Amino acid sequence: MSAPSVLVVGAGPAGLAAAHALASVGERAIVVEKEQRLGGAPILSGYARLVPSGEWAKDAIGGMVARVDSHPLVTVHRGCTVESLAGDAGAFTARLSNGTSVEAGAAILATGFTHFDSVNKPEWGFGTYPDVVTTTQVEQMISSGRGIRCPSDGRKPERVAILLCVGSRDRQIGREWCSKICCTVSCNIAMEIREELPDCHVYIYYMDIRTFGLYETKYYWQSQEQFKVKYIKARIAEVTSNGEKLVVKGEDTLVNRPITIPFDMVVHAIGMDPNVDNKRIASAFGVELQQHGYIAKGDAYGALGETSRPGVFVAGAATGPETIDDSIAQGKAAAMAAFALVNRVGRGALTA
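Only a predicted model underlies this, so the values are computations on that prediction, with no experimental measurement involved. Counting starts from 1 at the beginning of each chain's written sequence and moves along it residue by residue. Per-residue local features are limited, in this predicted model, to residues with pLDDT of at least 70; the limit for side-chain atom pairs, both in listing and counting, is 80 or more; totals at the level of whole chains, interfaces and linings are taken over all residues. Here the side-chain values reflect all heavy atoms present in the structure, with hydrogen atoms and water set aside.

J.: Before we move on, can you summarise helix H6 (residues 215-225) with the specific residues and values?
T.: Only protein chains enter the area calculation, which uses a 1.4 Å probe; residues under 20% of their type maximum are buried, those over 50% are exposed, and those in between are partly exposed. A run of H or I in DSSP becomes a helix once it reaches four residues, and a run of E becomes a strand once it reaches two; helices and strands are each numbered from the N terminus. All of the buried residues along H6 are Tyr215, Tyr219, Tyr220 and Ser223. Around the axis of H6, the buried residues are gathered within 80° of arc, so they sit on the same side. Exposed side of H6, more than 90 degrees from the buried face: Thr217 and Glu225 are the residues found there. Whether two residues are in contact is decided by their heavy atoms: any pair within 4.5 Å suffices. Contact partners of the buried residues in H6: helix H5 (182-196) and strand E12 (230-241). Read the arc as the range of directions from the helix axis to the C-beta atoms.

In structure tokens, the structure reads:
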């Protein structure tokens, strides 16, 4: 008797990695993706060059999509969600929104995150001034080939401000966590702006810079030393307009003096929120959420993506802010944990 399939929910980097890892070891995977396109945020949001590889998202993640889509051991349900998961580890039945049911021995939740909506930070000008944009919108400008332009009139900006921690580390709006990737992504975007527009002055306003690990040299220092990006430790109060330019107002916290500086474009480095569907997902799969609304991981130290429900695993940004590379690694780890479980079941040896 062959081992049952593994259900993979979500087809972003973590889900694609999980599905491909399963198929690579001869395990059948059933992928359920709520969108019609596979690839998750890097594809759906039009990311440009990925950190740290420098590959275009459409090529790097597109290649992952192609590998999964063409594999004979992977079945993909697009435009679909899981409404319920009945049964126990080794013998689940998932009811899908398209009216079908699938059998699976384990499930992997790779349901990702939601970008912070800058409308929730109105004092910083998003939604009021068209030239206040998000890092995601800048990524789209770059990946589309249009280049960096002011949305209001299409001109090339001469001065750009990037504001860090928009929707992160902000108790006033209920986002107490660091989103992990924003500093590095902002450094990368700043260098891309300077590369395209060498006469453009780019300023990054920060509370702290968290280009962790090996990113420190490649992004933080290189952006300053090679691309002449200027870093200002500041507390931003508001973004307004003088009729011609955007005006960033706040306090330079290193020298304790107020700042009022004009810019052509202001970029919000937006953070990562829990997936807006997490309450529904948690209810459908019978798993717990942690205090901020991400899917809670199991308590066992060193466990590979376990959740509060045996047989249901989780990977990637569904558990909290995460990089693409680490999401891929977690997807593969969860796949191997699920593979081990369903094969123990197939041998009649499921034990605690």
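J.: Which residues make up the packing of H5 against H6, and what values do they have?
T.: It is at 9 Å that the axes of H5 and H6 come closest, and there the two elements cross at 45°. Relative to H6, H5 is oriented oblique. Every pair of crossing elements has a handedness; the one defined by H5 and H6 is left-handed. Only Tyr215, Lys218, Tyr219, Tyr220, Gln222 and Ser223 of H6 make contact with H5, whose side of the interface consists of Thr184, Cys187, Asn188 and Met191. Under the scheme applied, nonpolar residues are Ala, Val, Leu, Ile, Met, Phe, Trp, Tyr, Cys and Pro; charged residues are Asp, Glu, Lys and Arg; polar residues are all the others, including Gly. Residues belonging to the contact of H5 with H6 are distributed by class as follows: five nonpolar, four polar and one charged. Geometry is summarised by axes, namely lines fitted to C-alpha atoms with helices restricted to the contacting stretch, and by angles between N-to-C directions that run from 0 to 180 degrees. Reported orientations rely on four angle classes, namely roughly parallel under 35 degrees, roughly antiparallel over 145, roughly perpendicular from 65 to 115, and oblique for the rest. The crossing is said to be left-handed when, going from far helix to near helix, the turn is anticlockwise and less than a right angle, and right-handed when the turn is clockwise.

J.: Can you break down the pairing of strand E11 (residues 201-206) residue by residue, with the values?
T.: The buried fraction of E11 amounts to five of the six residues, a majority that puts the element mostly inside the structure. When strand E10 (residues 159-166) meets E11, the two strands line up parallel, connected through five bridges. Along E11, the bridge assignment pairs Val160 with Val202. Considered for its hand, the β-α-β crossover made up of E10, H5 and E11 is right-handed. If DSSP finds at least two bridges between two strands, the strands pair. Place the viewer so that the strands point away; then a crossover is right-handed whenever the path from the first strand over the helix to the second strand goes clockwise.

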